[in-house]
Amino acid sequence: MARTLTLLGIESSCDDTAAAVVRLGGAGPEILSSVVLGQTALHEAFGGVVPEIAARAHAERLDGVVAEALAAAGVPLAGLDGIAVTAGPGLIGGVLSGVMLARGLAAATGLPLVAVNHLAGHALTPRLTDGVGFPYLMLLVSGGHCQFLAVEGVDRFRRLGGTIDDAPGEAFDKTAKLLALPQPGGPSVEAEAALGDPGRFRFPRPLLDREGCDMSFSGLKTALLRARDALVAEKGGITLQDRRDLCAGFQAAVAEVLAVKTARALELCEARPTALCVAGGVAANKAIRARLEAVAERAGVPFLAPPLRLCTDNAAMIAWAGIERRRAGLETPPDFAARPRWPLDETAPALLGSGRKGAKA
């Protein structure tokens, strides 16, 4: 294995078309370039991501994004040691777009191809940014995922718990839609909540009375809907302050659930974790982050959250996960397939509330 490894990463699992070049040398990892092209404007009118639109946008933009990432890094294809690509989980049309481009590049150049689990990319990011050692506890909290992972190795993840229905980011987006706030919902709800009274509306804290680390967030949006409708029935509408207070109450409920369940997850770790790490778009929420930092402080473990640009979907984390797998001698089968569902912990039972097509994880 060469001392220096330089990999191109490709990410297209949802609504961000991304490519990046990451190099691992004697001085440690270095992100040479990271290009992320969002699709917010394409989906804004629909109140959420439309899979068909996302897949078409990926197919149209991926080659240009890859070319831009290589140019920004100053690395030609011939200067790479491999190509890492998200092979799942995610919206299958988008995942296929990235996988097919990566296959074509690998076939044309002879470069080795590394299939990466999107969730592993998030879970291993603290090693890229902070060099954290195993084992550590990762809370992955985003628009599509929410789970606690004991990260014990490059390819060893033990799921301690997760959401049995909506992910927190999904609940934030739905809340924003119910209150006529712009998408993406997370930043919109957080901005309104900062001006509201979190004590005015006391929303439920689902599953806090149940042992373990599983969570539920779908009931929160239903409770908010009923509170909104009650205000409309009483007053004929809602005021700006009503909306702010609803957002504040909703955010407070999510933050408390995550904080309590995180404390339980730390207690369930078999070995003392080197850190409590958090990744995903919801990790950018200041109120939620403050609650999690307090949990880590009480437990006496460091709190680590990558920079926001590496918390949300990006290709640098995919390239880094590819480097980790190469260093560990983990090979990708030549006949690997794109997967819409791909749990990191294959031994864990499927989460409840998975619907007709299988577990969300």
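Everything discussed here concerns the structure shown above.
Thresholds, definitions, all that
- Residues numbered from 1 in each chain as written.
- Predicted model: local features only at pLDDT ≥ 70, side-chain atom pairs only at ≥ 80, totals over all residues.
- Heavy atoms only, no water.
- Phe/Tyr/Trp six-rings, centres within 6.5 Å; stacked < 30°, edge-to-face > 60°.
- Helix = DSSP H or I, 4+ residues; strand = E, 2+ residues; numbered from the N terminus.
- Buried < 20%, exposed > 50% of the residue type's maximum accessible area, 1.4 Å probe, protein only.
- Lys NZ or Arg CZ within 6 Å of the ring centre and 35° of its normal.
- Pairing = 2+ DSSP bridges.
- Patch = residues over 30% accessible without salt bridge, like charges linked within 9 Å, V, L, I, M, F, W, Y side chains within 5 Å.
- Areas by Shrake-Rupley, 256 points an atom, 1.4 Å probe, with all protein chains shown as cover.
- Salt bridge = Lys/Arg side-chain N within 4 Å of Asp/Glu carboxyl O.
- Contact = heavy atoms within 4.5 Å.

## Examining the packing of aromatic side chains
Argument step 1. Taken as a whole and assessed by the stated rule, the structure comprises 3 aromatic pairs.
Argument step 2. Geometrically, the ring pair formed by Phe-172 and Phe-250 is edge-to-face, given 5.0 Å between the ring centres and 85° between the ring planes. Here the residue Phe-172 occupies a position in helix α5 (residues 168-178), and Phe-250 occupies one in helix α8 (residues 240-268), the gap between them amounting to 78 residues. In this structure, Phe-172 and Phe-250 share a single accessibility class: buried.
Argument step 3. A centroid spacing of 6.2 Å and a plane angle of 10° characterise the contact between Phe-201 and Phe-203, whose relative ring orientation is stacked.
Argument step 4. A relative accessible area of 14% places Phe-201 in the buried class.
Argument step 5. The residue whose ring lies beneath Arg-103 is Phe-336, and the NZ or CZ to ring-centre distance is 4.3 Å.

## Points about the pairing of strand β8 (residues 156-162)
Argument step 1. Across the 7 residues of β8, 5 count as buried, placing the element largely inside the fold.
Argument step 2. Where strand β7 (residues 146-153) lies against β8, 6 bridges are found, and the strand directions are antiparallel. Bridge pairing in β8 places Gly-153 opposite Arg-156.
Argument step 3. Here β7 folds back onto β8, and the loop between the two strands holds 2 residues.

## What about a nonpolar patch on the surface?
Argument step 1. There is a patch of nonpolar side chains on the surface, built from Ile-92, Leu-96 and Met-100 and spanning about 260 Å² of accessible area.
Argument step 2. Of note, Leu-96 is situated in helix α3 (residues 92-109).
Argument step 3. According to the relative accessible area criterion, Leu-96 is partly exposed, its value standing at 38%.

## A word on helix α6 (residues 185-193)
Argument step 1. All of the buried residues along α6 are Gly-185, Ser-188, Val-189, Glu-190, Glu-192 and Ala-193.
Argument step 2. Of the surrounding secondary structure, the elements contacted by the buried residues of α6 are α5, α8 and α9 (286-299).

## Observations concerning the pattern of salt bridges
Argument step 1. Under the criterion given, the structure shown has 17 salt bridges.
Argument step 2. Among the ionic pairs, Arg-127 bridges to Glu-324, the shortest N-O distance being 2.5 Å. Here Arg-127 is found in helix α4 (residues 118-129), whereas its partner Glu-324 is found in helix α11 (residues 316-327), with 197 residues between them in sequence. The same class applies to Arg-127 as to Glu-324, namely buried.
Argument step 3. Of the charged contacts, one joins Arg-158 and Glu-270 as a salt bridge, the two residues approaching to 3.9 Å between their closest N and O atoms. With Arg-158 in strand β8 and Glu-270 in the loop between α8 and β9 (276-279), this pair connects stretches of sequence that are 112 residues apart.

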